[in-house]
Amino acid sequence: MSNKPKFQGKVLIIGGGIAGPALALFLKKAGITAVVYEAYTYKDGVGGGLGLAPNGVNVLHELGLAEKVIARGSLTLENVFYNAQGRLLARIKRGAQKYGQPAVSLLRPALYDIMTEAMKAEGIQVEYQKRLKTITQTASKVTAHFEDGTCAEGDLLIGADGIHSKTRQTVLPNSPKPAYVGIIGVGGVTPAAALPMMTEREKQSLTFTFGAQGFFGYGGAENGDVMWWSNLARDQELTREELADLSLTTIKRELLAIYQGYHEPIETLIQHTHSPIKQNISDIQSLPIWHQGRVLLIGDAAHAVSPNAGQGAAMALEDAMYLAKLLRDSTGDYAQVFAQFEKDRKPRVEKIVAEGRRLAGDKQVVTPFQEKIRELMVMIFMNLFGERGYEWVYKYKIAWE
Ligand SMILES: Cc1cc2nc3c(=O)[nH]c(=O)nc-3n(C[C@H](O)[C@H](O)[C@H](O)COP(=O)(O)OP(=O)(O)OC[C@H]3O[C@@H](n4cnc5c(N)ncnc54)[C@H](O)[C@@H]3O)c2cc1C
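Criteria and thresholds
Residues numbered from 1 in each chain as written. Predicted model: local features only at pLDDT ≥ 70, side-chain atom pairs only at ≥ 80, totals over all residues. Heavy atoms only, no water. Core = buried A, V, L, I, M, F, W, Y, C linked by side-chain atoms within 4.5 Å. Buried < 20%, exposed > 50% of the residue type's maximum accessible area, 1.4 Å probe, protein only. Helix = DSSP H or I, 4+ residues; strand = E, 2+ residues; numbered from the N terminus. Near = heavy atom within 4 Å. Polar contact = N/O pair within 3.5 Å; in protein donor to acceptor, adjacent residues only side chain to side chain. Areas by Shrake-Rupley, 256 points an atom, 1.4 Å probe, with all protein chains shown as cover. Axes fitted to C-alpha atoms, helices over the stretch in contact; angles between N-to-C directions. Parallel < 35°, antiparallel > 145°, perpendicular 65-115°, else oblique. Left-handed = near helix turned anticlockwise from the far one by under 90°. Contact = heavy atoms within 4.5 Å. Nonpolar A, V, L, I, M, F, W, Y, C, P; charged D, E, K, R; others polar. Pairing = 2+ DSSP bridges.

Trainee: Would you mind showing me how to read the nonpolar core here?
Mentor: Soluble, globular proteins show a tendency: their nonpolar side chains are buried together. By size, the foremost hydrophobic cluster in this structure holds 86 residues, and its most contacted members are Val 11, Ile 13, Ile 18, Leu 23, Leu 27, Ile 298 and Leu 323. The dominant element in this core, judged by the number of residues it contributes, is helix α11 (residues 312-329), at 11 residues.

Written out as structure tokens, the structure is:
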């Protein structure tokens with residue numbers, strides 16, 4: 001295969017989250033020019049932790065970034081399941097080498113740092129404070145118009161602008177909207193100094209605690225600090241004002257009212273937390289189509305998955321790599337590339353999105369009787385099928401060469 005890609009146009013990437021920078025880096029590897037346009041300033045409002053599954057870390061490895069991610073995060077060697085009183089329900093090995101790269105948990109800003117440094121090193125242009133307003137297309141060009149009155153012209157536009165994608169709203173206005181799954185995600189980071197009771201083994205695990213009042217999870221992040229997250233069942237989504245209220249006093253009070261009495265270190269994680277995040281959890285089960293003219297959606301813009309699947313970031317990374325590979329190997333016919341991309345990616349991502357929706361249901365508030373049934377199910381299914389059940393998700397690999 002010639003190193004020179006047949007597609008030689010300029011790609012506008014909307015969104016500098018996970019899919020956008022990864023796509024820009026893979027396009028660079030393929031010899032294709034791309035510019036990333038991000039609505040916010042660098043890392044503005046970015047918080048929380050991420051569990052990156054092996055299929056996602058394998059993609060980062062292809063960019064030479066897996067070691068950096070491992071260095072800034074914590075390996076996840078096991079998933080451990082407890083009930084609220086701290087009774088062990090199941091323990092699943094994550095198979096550190098089995099899938100190529102290991103699972104890693106890290107803070108989202110750390111992943112941003114790593115990808116931003118890589119883009120800088122590759123000379124990729126990134127424009128911050130460029131919020132997409134609308135898109136126009138002619139037979140030969142696509143133009144992104146930004147809120148600040150400026151615009152940018154390219155040959156293709158890739159919408160990597162997340163679950164509430166303006167790209168999607170603009171070019172596919174009749175698409176299904178994100179659906180609220182009935183839970184509010186609240187999370188934060190607790191410094192290592194507050195957690196002397198946690199062993200290295202505990203930090204190299206993702207712990208999932210199921211209790212009648214709600215679900216709580218945690219795992220190691222950078223330098224021994226621990227990231228945690230919780231699902232609060234709520235019929236109505238929080239308003240914009242409620243989401244913006246990140247007062248630590250209020251968050252701690254609300255969470256302690258729910259999780260008081262859960263096994264340690266849960267209360268300590270809440271008492272000593274910083275960097276809180278609060279989000280309405282939504283997903284997009286299925287869009288009829290992912291592209292229109294010279295515009296294609298990738299990542300959460302095309303197929304947002306509830307965080308319960310622990311796969312959103314990995315799928316965004318897979319999308320980026322696969323799209324760049326298709327463009328590199330194409331005859332230059334972008335319409336064919338877009339159709340192929342959607343055809344090949346849709347079955348996998350929609351299956352994972354459906355699994356995320358199912359897992360969100362498992363983490364709701366339940367009666368004491370339902371709690372006992374759920375504990376039994378976790379014990380039976382996780383111990384019997386836990387690792388094998390996720391094999392098809394983790395072992396997926398895209399060959400770049
Ligand atoms: C609470 C929570 C926890 C999660 N935990 C995990 C986890 O542990 N593991 C996992 O794999 N996944 C997790 N996810 C899912 C994961 O975060 C997403 O699937 C992933 O971030 C998708 O990447 P993306 O690049 O498609 O979108 P995003 O990361 O959302 O990036 C979109 C970018 O586009 C920008 N943007 C938006 N609108 C515009 C505009 N108009 N113009 C320009 N730029 C714009 C945004 O500012 C943002 O930077 C979690 C999600 C949530 C909400």
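Trainee: Which parts of the structure should I look at to understand the site of the ligand?
Mentor: The local shell around the ligand holds 30 residues, among which Ala 19, Glu 38, Gly 51, Arg 108 and Asp 300 are the closest. A distance of 3.5 Å separates an oxygen atom of the ligand from a polar backbone atom of Gly 310. Protein chains shield 85% of the accessible area of the ligand, which is 990 Å² for the free molecule. Elements represented by at least two residues in the shell around the ligand include exactly β3 (49-52) and α11.

Trainee: Help me out: how do you make sense of the packing of helix α1 (residues 19-30) against helix α4 (residues 108-121) in this one?
Mentor: The angle between the axes and the distance between the axes are what describe a pair of packed helices. Remark: α1 packs on α4, axes separated minimally by 10 Å, with the N-to-C direction vectors making an angle of 30°. Here α1 lies roughly parallel to α4, going by the angle between them. You can see that α1 and α4 cross each other, and the crossing is left-handed. Here Pro 21, Ala 22, Ala 24 and Leu 25 of α1 lie close against α4, whose contacting residues are Met 115, Ala 118 and Met 119. A per-class count over the contact of α1 with α4 returns seven nonpolar, no polar and no charged.

Trainee: Help me out: how do you make sense of the sheet that holds strand β4 (residues 74-76) in this one?
Mentor: Strand pairing in a sheet is mediated by backbone hydrogen bonds. Such pairs are either parallel or antiparallel. Strand order in the open sheet formed by three strands is β3-β7-β4, and the pairing between neighbours is antiparallel. Unpaired on one side and paired on the other, β3 and β4 mark the two borders of the sheet. Strand after strand, the sheet turns through a mean of 25° between neighbouring axes, direction not considered. Strand direction decides the pairing type here: β3 and strand β7 (residues 103-107), joined by four bridges, are antiparallel. Bridged to Leu 52 within β7 is Val 104. Lying on the sheet, α4 is in contact with β3 and β7; it crosses β7 at an angle near 95°.

Trainee: I tried to follow the sheet that holds strand β10 (residues 142-146) on my own but got confused; where do I start?
Mentor: Read from one edge to the other, the open sheet built from three strands follows the order β9-β10-β11, with strand pairing classed as antiparallel. Where the open sheet ends on each side, the last strands, each with one partner, are β9 (132-137) and β11 (151-154). Each strand of the sheet is rotated relative to its neighbour by a mean of 20°, with strand direction disregarded. Note: β9 against β10, five bridges, orientation antiparallel. Within the sheet, the bridge partner assigned to Gln 137 lies in β10 and is Val 142.

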